Amino acid sequence: MNSIDYKENLQLLKRCLKYFLPYKWRILFAMLSMGIVALATGASAYLVKPALDDIFINKDMEALYFLPPVFVGVIIFKGLGRFFQNYLMQSCGLRVLENLRNELFTKMSMLPLKFFEENQVGMLMSRIIYDVMAIRSSMPAVIMILRQFLTMIILIGVVFYQDAYLATWAVLVLPLALFPFIYFGRKLRKLSRKNQVKLADISVFLQESFSGIRVIKAFANEPAEQARFAQENGRLNRIYLREVIFNELSSPVMELVGAVGMGLVILYGGIQVIEGHSTPGTFFSFMAGLLMLYDPIKKMNDSNKDIQRAMAGAERVFEILRPDAIEVEQDGDIEFQGELEELKFEDVTFSYPDCETPALDGVSFTVKAGETVAIVGPSGSGKTTLVNLIPRFYLPQKGKIVFNGHDLDDYTLQSLRLNIGLVSQDTFLFNVNVAENISYGKGELEMKSVEEAAKAAYAHDFILKLPHGYDTVIGERGVKLSGGQKQRLTIARALLKNPPLLILDEATSALDTYAERIVQQALDNLMKDRTSLVIAHRLSTVIGADRILVMEKGKIVDHGSHAQLLESCALYQQLYSMQFQDHHEKAAS
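Every value quoted in this text rests on a predicted model; they were computed, and no experiment measured them.

(A) Main features of the overall build of the protein. Along the backbone of the protein there are 21 helices and 10 strands. Of the contacts formed within the protein by residues at least 6 apart in sequence, a portion of 78% connects residues at least 24 apart. In the form shown here, the protein has an accessible surface area of approximately 31,000 Å², with 59% of it arising from carbon and sulfur atoms.

Next up, the structure:
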């Protein structure tokens, strides 16, 4: 391991351990317990000499009644110390796990939409669930290494006290134990990193498969998906198998190192006892200490494996948590007061990453308070991109958006977004009850307010027919409701929010004629006495707008009323003709 890797690993470990600082008193008590365990281990090795010499060789009755209770007492103290150390450290680890997950979710939720478009949901889930779990074990593993190191020092003191010359030869082989400690640790670190990545891949695959289960079944493609999962699962299993190989090889190698030392000790110690230069008690006390001495080394190796896994997880977690890693959404310092006077786009240009052609190219227009402005154009003309800039889901690369005379970036995100209502064709409902979905973001409200919003959205009647009315849990993404019902709930949610600015993004495009008629009535209630920006695929829904902006290839090519555009705008004429010509011909016949 070169010096750069060592420094990086040390910095990574320090970053992990920093999360344990709030629990320093628990850790201090854990370390005191660790000291008790180490001392008790050394004492139990030392007691072998008086037990063997005084009881079994000298047949001392006083020692017979004295030493066994002392030995039991030492084991009790050792057990209590081990329990408190493990309990305190595991409880610290669980609290750190909780805090890390909270911090990671908080950071992710504050990242811009661009981040979520570039990263798969399953991968983000894996970082919060699996990678964070590895960090939890970092401090307990460090404490375990310290305990085993302290135990090793005390045991070395015991064996040197019994026979310094023999101990010198026995301890000479200890440096050999560092080889598996370092070599296998590095191998396990690499495999743990691959393991975490592959777990993320499987999370991505499962999230995508279960979300798209309707499509999979519609194409009868279950066998192909099963084969894909088996392939991914097989790759994960092969990584696990390699990890098992290195994991299990480390212990035999360390035992071999210990066996070399033991062999030398038995050879030399046996000669010393046979020639009368040492007593059997001294020799077996020495052997007991030596046997116990190699056990801490093995356990240090196991703890090192945990640390390497923690480092592999920490690398992935801190990719997101590092302050310089990913910028969170920048907040302004002006509170929007909720009264819209004017919204103005001034030469706004926006491009998506890796796209040569801008999605918006020099867009300028103004919306006055109380106006209903419709935006029409062919697919890919930039309509949705334009309205997504208003709540600052994206930031323009050129130009600016002015809100009541202030740059949009000057407003706090919370005050800005709480005063913008967004109803899109992609309805999203949470897996909670109807009332909680309608009042989402408003906290606890009186049911009267919720019901009034539902009535205005023409949702009250169908809600009452649900099994538990407003208390009915509607499933993930509202799966238990029809498209029109889901859309009416999102309209009720927007009504309850009561925003001064409303954005409708093709809110009825995915509905059948009957559902569209009901939803359109609900939208009319929502738009009443409100400034509205309406993206419409069906021109019939925007004919009555105050102004219509016609977009093509990221530019506003014309604007005006419906009648004006029919006379002056060739693109609008084409869009109108495509939608209404057949209808007029049928009506005439």
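Okay, back to it.
(B) Just a negative patch on the surface, in detail. Where like charges cluster on the molecular surface, the negative patch consists of D331, D333, E335 and D410. Considering the arrangement of structural elements, one finds D410 in the loop between β5 (406–407) and α14 (413–417).

(C) Unusual backbone geometry, seen in detail. Non-glycine residue R392 carries a positive phi angle of around 65°. Summarising the element assignment, R392 is placed in the loop between α13 (383–388) and β4 (398–403). Positive phi values are uncommon outside glycine, yet K553 reaches one of about 50°. Given the relative accessible area of 69%, K553 is considered exposed.

(D) Spatial organisation of the nonpolar core. I438, I463, L489, I491 and L526 are the most contacted members of the largest nonpolar core, which has 44 residues in total. Ranked by residue count, the leading element in this core is helix α18 (residues 483–497), at 6 residues. The residues touching I463, leaving out its near neighbours within four places in the chain, are V434, I438, A454, G469, Y470 and L489. Formed by 40 residues, the second largest nonpolar core is a distinct cluster that contains I27, M34, C92 and A200.

(E) How the structure looks around the sheet that holds strand β2 (residues 360–368). Sheet architecture is open: 4 strands sit in the order β2-β1-β4-β5, paired in antiparallel fashion. Both outer strands of the open sheet, β2 and β5, are each paired with one neighbouring strand and no more. Pairing of β4 with β5, which is carried by 2 bridges, proceeds in the antiparallel orientation. The residue bridging F403 from the neighbouring strand is H406, located in β5.

(F) Local environment of the pattern of salt bridges. For the structure on display, the rule yields 9 salt bridges. A salt bridge links R228 to E225; the shortest N-O distance between them is 3.2 Å. Of the two residues, R228 and E225 both sit in helix α11 (residues 222–274), 3 residues apart, roughly one turn of that helix. One salt bridge connects K344 with E342, and the closest N-O pair in it is separated by 3.9 Å. Using a relative accessible area of 25% as the deciding quantity, one classes K344 as partly exposed. Salt bridges sharing partners connect three or more residues here, namely E342, K344 and K368.

(G) How the structure looks around the packing of helix α6 (residues 121–136) against helix α7 (residues 138–162). At their nearest, the axes of α6 and α7 sit 5 Å apart, and the two run at 25° to each other. Accordingly, the angle class assigned to the pair α6 and α7 is roughly parallel. For the pair α6 and α7, contact is made by A134, I135 and R136 and by S138, M139 and P140, respectively. Of the residues in the contact of α6 with α7, the class split is 4 nonpolar, 1 polar and 1 charged.

(H) Looking closely at the sheet that holds strand β6 (residues 420–424). Read across the open sheet, the 6 strands follow the order β6-β7-β8-β3-β9-β10; overall the sheet is mixed. Sheet topology places β6 and β10 (555–560) at the edges, where each strand pairs with a single neighbour. The sheet shows a mean angle of 15° between the axes of neighbouring strands, direction not considered.

(I) Region of the structure containing the pairing of strand β3 (residues 372–376). With respect to burial, β3 is a largely interior element, 5 of its 5 residues being buried. Burial along β3 is two-sided: T372, A374 and V376 and V373 and I375, pointing in opposite directions, are all buried. Bridge count for β3 against strand β9 (residues 547–552) is 4 bridges, and the pairing is parallel. From the neighbouring strand, A374 faces β9, where its bridge partner is I548.

(J) Broad picture of the packing of aromatic side chains. This model, assessed by the stated rule, comprises 14 aromatic pairs. An aromatic cluster of at least three residues, connected via ring pairs, comprises F83, F84 and Y87. Sitting above the plane of the F318 ring, R15 keeps its charged end 4.4 Å from the centroid. Stacked on the ring of Y19, the Lys or Arg K18 has its end atom at 5.7 Å from the ring centre.

(K) Highlighting a nonpolar patch on the surface. On the surface, V72, I76, L80, F83, F84 and Y87 cluster together to form a nonpolar patch covering roughly 610 Å² of accessible area. Along the polypeptide, L80 turns up in helix α4 (residues 61–109).

(L) A look at helix α2 (residues 24–46). Across its 23 residues, α2 extends 33 Å between first and last C-alpha, which sits within 8% of the 33 Å expected from 1.5 Å per residue. Those residues of α2 lying buried are I27, A30, S33, M34, G35, V37, A38, A40, T41, G42, S44 and A45.

(M) Focus on the environment of E476. As for its placement among the helices and strands, E476 is situated in the loop between α17 (460–464) and α18. Owing to a relative accessible area of 59%, E476 belongs among the exposed residues under this scheme.

(N) Representation of the confidence of the model for the protein in the model. Per-residue confidence for the protein gives a mean pLDDT of 80, with 90% of residues at or over 70. Across the protein, the secondary-structure element scoring lowest on mean pLDDT is helix α21 (residues 570–588), at 68, and the one scoring highest is strand β1 (residues 342–350), at 91.

(O) Structural detail: a positive patch on the surface. The grouping of R186, K190, K194 and R242 at the surface amounts to a positive patch. Here the element with the most residues in the positive patch is helix α9 (residues 178–211); it accounts for 3 residues. Tracing the chain through its elements places R186 in helix α9.

(P) Molecular detail of the pairing of β9. For β9, the buried fraction is high: 5 of the 6 residues fall into the buried class. Sheet topology places β9 next to β10; 5 bridges connect them, and they run antiparallel. Residue pairing for β10: I548 is matched across the bridge by G560. The hairpin turn running from β9 into β10, its antiparallel successor, is 2 residues long, and K553 in that turn takes a positive phi close to 50°.

(Q) Representation of the packing of α4 against α7 within the structure. Contact pair α4 / α7: the axes reach a minimum separation of 9 Å and the direction vectors enclose 155°. As the angle between them shows, α4 and α7 are arranged roughly antiparallel. Crossing of α4 over α7 shows right-handed handedness. Taking contact as the criterion, the partners of R82, Q85, N86, M89 and Q90 in α4 are, on α7, M139, P140, I143, M144 and R147. Across the contact of α4 with α7, the residue classes break down as 5 nonpolar, 3 polar and 2 charged.

About the criteria used
Residues numbered from 1 in each chain as written. Predicted model: local features only at pLDDT ≥ 70, side-chain atom pairs only at ≥ 80, totals over all residues. Heavy atoms only, no water. Helix = DSSP H or I, 4+ residues; strand = E, 2+ residues; numbered from the N terminus. Contact = heavy atoms within 4.5 Å. Areas by Shrake-Rupley, 256 points an atom, 1.4 Å probe, with all protein chains shown as cover. Patch = residues over 30% accessible without salt bridge, like charges linked within 9 Å, V, L, I, M, F, W, Y side chains within 5 Å. Salt bridge = Lys/Arg side-chain N within 4 Å of Asp/Glu carboxyl O. Lys, Arg positive; Asp, Glu negative; His and termini not counted. Charge placed at Lys NZ, Arg CZ, Asp CG, Glu CD. Buried < 20%, exposed > 50% of the residue type's maximum accessible area, 1.4 Å probe, protein only. Core = buried A, V, L, I, M, F, W, Y, C linked by side-chain atoms within 4.5 Å. Pairing = 2+ DSSP bridges. Axes fitted to C-alpha atoms, helices over the stretch in contact; angles between N-to-C directions. Parallel < 35°, antiparallel > 145°, perpendicular 65-115°, else oblique. Nonpolar A, V, L, I, M, F, W, Y, C, P; charged D, E, K, R; others polar. Phe/Tyr/Trp six-rings, centres within 6.5 Å; stacked < 30°, edge-to-face > 60°. Lys NZ or Arg CZ within 6 Å of the ring centre and 35° of its normal. Expected span 1.5 Å × (residues − 1). pLDDT = per-residue confidence, 0-100. Left-handed = near helix turned anticlockwise from the far one by under 90°.

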